[in-house]
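# Close look at the chain arrangement
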Amino acid sequence: MSDTVSTSSPRLAQFKLVLLGESAVGKSSIVHRFVKDSFDDLRESTIGAAFLTQTIALDNNVTVKFEIWDTAGQERYKSLAPMYYRNANCALVVYDITQPTSLDRAKSWIKELQRQASPDIVIALAGNKLDLESERSISTEEAQIYANEEKLLFFEVSAKTGENVKDTFKAIAEKLPIEEKVSQSQRRRQRNIDLSRPSTNEQGCSC
Ligand code: GTP
Ligand code: MG
């Protein structure tokens, strides 16, 4: 371990992340693994959406704070999704490696994001339930080729065992425009300090 003390001040960059994917692919389970390091075999289907936050430390004294919108995959909530992906900096689109229809659904979410979300959104594709290898029906190669074509980050993960979950969020964090965000918030902080200071060139009232 290095005993060098870093002299640069810690910096925090905040980003909005949205999870999308068919119902029961394990979106909420992935988020719970990432945020609480826990797993529930009997997780209930999400109603509307859930909001959670988690931070992740990167090199160079930077911490990324994810504001996570975990959307509901059931069809009846589909029309709510734009509310959550609008202004999102990044999206994690999830499918279940044992369910071929879930990859088709993931692809249609990705198409929608490419058309309607912010043009610089970072998109990651995650094949969940890697622990169910014996029931796999979507090969790694098939999904990897698609992800390469669409220039997406791609991981296979298991919310149940935790395999690759943190790495997925870390890879997303590393692709985000951190320097831009940090300098924006530094400028905002500086502006607030300036506004709270009494003005030095106030002339006073002569009447
Ligand atoms: P909606 O909220 O309806 O959109 O579903 P969701 O995508 O949030 O799925 P959820 O996390 O609720 O998981 C659905 C079911 O799959 C639950 O019974 C989980 O326990 C199970 N599950 C989730 N992840 C995994 C995994 O990695 N491995 C296994 N074996 N089961 C998982
Ligand atoms: Mg859910």
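In what follows, the accompanying structure is described.

Criteria and cut-off values
- Residues numbered from 1 in each chain as written.
- Chains lettered and ligands numbered in written order.
- Predicted model: local features only at pLDDT ≥ 70, side-chain atom pairs only at ≥ 80, totals over all residues.
- Heavy atoms only, no water.
- Donors = N, O, S within 2.8 Å, 3.2 Å for Na, K, Ca; no water.
- Helix = DSSP H or I, 4+ residues; strand = E, 2+ residues; numbered from the N terminus.
- Buried < 20%, exposed > 50% of the residue type's maximum accessible area, 1.4 Å probe, protein only.
- Pairing = 2+ DSSP bridges.
- Axes fitted to C-alpha atoms, helices over the stretch in contact; angles between N-to-C directions.
- Contact = heavy atoms within 4.5 Å.
- Near = heavy atom within 4 Å.
- Polar contact = N/O pair within 3.5 Å; in protein donor to acceptor, adjacent residues only side chain to side chain.
- Areas by Shrake-Rupley, 256 points an atom, 1.4 Å probe, with all protein chains shown as cover.
- 1 Å grid on protein atoms, 1.4 Å probe; cavity = no way out; pocket = protein on both sides within 12 Å on 5 of 7 lines; lining within 4 Å.
- Sits in = over half its atoms within 2 Å of the grid points.
- Points joined across faces, edges and corners; volume = space filled by probe spheres on them.
- Salt bridge = Lys/Arg side-chain N within 4 Å of Asp/Glu carboxyl O.

This part takes up the coordination of the magnesium ion (ligand 2). For the magnesium ion (ligand 2), the full set of protein donor atoms is S28 (OG) and T46 (OG1), at a range of 2.0 Å. On the criterion of sequence distance, the pair formed by S28 in helix 1 (residues 27-36) and T46 in the loop between helix 1 and strand 2 (49-57) is long-range, its members being 18 residues apart. S28 sits in the buried class, given a relative accessible area of 11%. T46 sits in the buried class, given a relative accessible area of 15%.

The six strands are arranged 2-3-1-4-5-6 in an open sheet whose pairing can be described as mixed. Where the open sheet ends on each side, the last strands, each with one partner, are strand 2 and strand 6 (153-156). Geometrically, the sheet is characterised by an average inter-axis angle of 25° between neighbouring strands, direction not taken into account. Judged from the seven bridges that link them, strand 4 (residues 90-96) and strand 5 (residues 122-128) form a sheet pairing that is parallel. Along strand 5, the bridge assignment pairs A91 with I123. Against the sheet, helix 3 (residues 100-116) makes contact with strand 1 (11-20), strand 4 and strand 5, and its axis sits at roughly 165° relative to strand 4, the strand it touches most. Relative to strand 6, helix 5 (residues 165-175) is tilted by about 170°, and along the sheet it contacts strand 1, strand 2, strand 3 (62-71), strand 4, strand 5 and strand 6.

A few words now on the site of ligand 1. Taken together, 23 residues lie near ligand 1, and S23, K27, S29, S45 and G73 sit nearest. One of the side-chain nitrogen or oxygen atoms of S28 is found 2.9 Å away from an oxygen atom of ligand 1. Within the contact set of ligand 1, an oxygen atom lies 2.6 Å away from a side-chain nitrogen or oxygen of S29. Relative to its unbound accessible area of 650 Å², ligand 1 is 91% covered by the protein chains. Among the detected pockets, ligand 1 sits in the largest pocket. Here the shell around ligand 1 gets three residues from one element, more than from any other, and that element is helix 1.

By volume, the largest pocket amounts to about 380 Å³. Taken together, 24 residues form the lining of the largest pocket, with A24, V25, G26, S29 and R43 sitting closest to its centre. The element best represented in the lining of the largest pocket is helix 1, accounting for three residues.

Below, the discussion takes up the pattern of salt bridges. This model, assessed by the stated rule, comprises eight salt bridges. Here D96 ties to K129 by a salt bridge, and the two come within 3.3 Å at their closest N and O atoms. With a gap of 33 residues between them, D96 in strand 4 and K129 in the loop between strand 5 and helix 4 (140-150) connect regions that are remote in the sequence. Residue E174 is joined to K170 by a salt bridge in which the shortest nitrogen-to-oxygen separation is 4.0 Å. One end of the pair is E174 and the other is K170, both in helix 5 and four residues apart, which spans about a single turn. Here the salt bridges do not stand alone but share partners, grouping E133, R136 and E156 into one network.

On their own, these measurements won't tell you what the molecule is for.
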